[in-house]
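One-letter residues, chain by chain:
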Amino acid sequence: MSGPLAGRRVIVSAGPTYEDLDPVRFLGNRSSGKMGFAVAAAAAQAGADVQLVAGPVHLPTPDGVTRVDVRSAAQMHAAVFAALPADIYVGAAAVADFTPARVATSKIKKRVGEAGLTLELVRTRDILAELAADPRRPRLMVGFAAETDDVDDNARHKLAAKRVDLIAANRVGVAGSGFEGDDNLLVVHDAAGQHSLGPGPKTAVAADLVALIAHRLDPEPP
Ligand code: CTP
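What you see is a predicted model, and the numbers here were worked out from it, not measured in a lab.

A. Representation of the site of the ligand. Around the ligand, a shell composed of 16 residues is seen, among which Gly 91, Ala 93, Asp 97, Lys 158 and Lys 162 lie nearest. A distance of 3.4 Å separates an oxygen atom of the ligand from a polar atom in the backbone of Ala 146. The cavity that encloses the ligand is the largest pocket. Contributing elements (two or more residues each) for the shell around the ligand: helix H3 (127-132) and strand S9 (140-147). A total of four residues in the shell around the ligand trace back to one element, the largest contributor, which is S9.

Next up, the structure:
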């Protein structure tokens, strides 16, 4: 394969995670997976060997991409670490931060909560932060930040707190616009500053992000 990422191994996580409550219910989120799938497609087009770890979405696998389907945050964590080694990790998935402390083996019946029902949730593991602190850390770590408020401040905080190289931030509307639409606007933060990608179709914004990643790995290609 030729292209700016030829010979590179890339892991991309994409989509939501579903955290089961009982055999019929789960806690999920509005991520469509489109942005992560577009990044996986653009990286494969740039010549990379791409492993895509996908949460529950109905999207076709991009050409030339190896896909592993997962459901929960714990499964996504295991699949990402199983896909190592890699040169680049792009965490585009909207991973649940909390999961039910217990999964009921039978359907939770309405009668258990005449006055309402309180769910006990526990924290999930942070895949991006754990991978960034791991001895097998890919050379370039890219996180996403989906924010409703203070987008830039939150993105810069995540860049430092998770010890990653790039954070691609997007604003999410109350109707989930940044998640479900076909267009996106990303502001990519690094230690030196920020770059805007888009607005435009997620496929075009993903290609720009992959070009930026390739440039970071290899600023002066032959
Ligand atoms: N992420 C992860 N594992 C988690 C939670 C988040 O790998 N358990 C990654 C996401 O894939 C994304 C980045 O961390 O690349 C930021 O995710 P986001 O949900 O915006 O931030 P959180 O760390 O969850 O913080 P908060 O929800 O407070 O904004």
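B. Region of interest: the packing of aromatic side chains. What the rule picks out here adds up to one aromatic pair. With a centroid separation of 3.8 Å and 15° between ring planes, the pair formed by Tyr 18 and Phe 26 is classed as stacked.

C. Just the sheet that holds strand S5 (residues 65-69), in detail. With mixed pairing, eight strands are arranged side by side in an open sheet as S5-S4-S1-S6-S9-S10-S11-S12. The open sheet terminates on both sides in strands that have one partner only, identified here as S5 and strand S12 (193-201). Here the average twist between neighbouring strands, direction ignored, is 20°. Where helix H1 (residues 34-45) meets the sheet, its contacts fall on strand S1 (9-14), strand S4 (49-54), S5, strand S6 (88-91), S9 and strand S11 (183-190), and the angle it forms with S4 comes to roughly 170°. Sheet contacts for helix H4 (residues 151-161): S9, strand S10 (166-171), S11 and S12; angle to S10, the most-contacted strand, approximately 155°.

D. Summary view of a negative patch on the surface. Residues Asp 149, Asp 150, Asp 152 and Asp 153 make up a contiguous surface patch of negative charge. Within the element layout of this structure, Asp 153 appears in helix H4. You can call Asp 153 exposed: its relative accessible area is 59%.

E. Examining the packing of H1 against helix H6 (residues 202-217) more closely. Close contact between H1 and H6 brings their axes to 8 Å; oriented N to C, the two are set at 55°. One element, H1, and the other, H6, form an angle in the oblique class. Crossing geometry of H1 relative to H6 is assigned as right-handed. Residues Lys 34, Met 35, Ala 38, Val 39, Ala 42 and Ala 43 of H1 touch H6, and the partners they reach there are Lys 202, Thr 203, Val 205, Ala 206, Ala 207, Leu 209 and Val 210.

F. Local environment of the nonpolar core. In this structure, Leu 5 and Val 50 are the most contacted members of the largest nonpolar core, which totals 38 residues. When contributions to this core are tallied by element, the ones reaching two or more residues are S1, H1, S4, S6, S9, S10, S11 and H6. Grouped together as the second largest cluster of nonpolar side chains are 24 residues, Met 76, Phe 81, Ala 145 and Val 151 included.

G. Summary view of H1. In this model, H1 (12 residues) spans 16 Å end to end at C-alpha, consistent with the 16 Å of a helix rising 1.5 Å per residue. The element H1 is largely enclosed, with a buried count of nine among its 12 residues. Within the span of H1, buried status applies to Met 35, Gly 36, Phe 37, Ala 38, Val 39, Ala 40, Ala 42, Ala 43 and Ala 44. Backbone geometry just after H1 places Gly 47 at a positive phi near 100°.

Rules and cut-offs
Residues numbered from 1 in each chain as written. Predicted model: local features only at pLDDT ≥ 70, side-chain atom pairs only at ≥ 80, totals over all residues. Heavy atoms only, no water. Near = heavy atom within 4 Å. Polar contact = N/O pair within 3.5 Å; in protein donor to acceptor, adjacent residues only side chain to side chain. 1 Å grid on protein atoms, 1.4 Å probe; cavity = no way out; pocket = protein on both sides within 12 Å on 5 of 7 lines; lining within 4 Å. Sits in = over half its atoms within 2 Å of the grid points. Helix = DSSP H or I, 4+ residues; strand = E, 2+ residues; numbered from the N terminus. Phe/Tyr/Trp six-rings, centres within 6.5 Å; stacked < 30°, edge-to-face > 60°. Pairing = 2+ DSSP bridges. Axes fitted to C-alpha atoms, helices over the stretch in contact; angles between N-to-C directions. Contact = heavy atoms within 4.5 Å. Patch = residues over 30% accessible without salt bridge, like charges linked within 9 Å, V, L, I, M, F, W, Y side chains within 5 Å. Areas by Shrake-Rupley, 256 points an atom, 1.4 Å probe, with all protein chains shown as cover. Salt bridge = Lys/Arg side-chain N within 4 Å of Asp/Glu carboxyl O. Lys, Arg positive; Asp, Glu negative; His and termini not counted. Charge placed at Lys NZ, Arg CZ, Asp CG, Glu CD. Buried < 20%, exposed > 50% of the residue type's maximum accessible area, 1.4 Å probe, protein only. Parallel < 35°, antiparallel > 145°, perpendicular 65-115°, else oblique. Left-handed = near helix turned anticlockwise from the far one by under 90°. Core = buried A, V, L, I, M, F, W, Y, C linked by side-chain atoms within 4.5 Å. Expected span 1.5 Å × (residues − 1).

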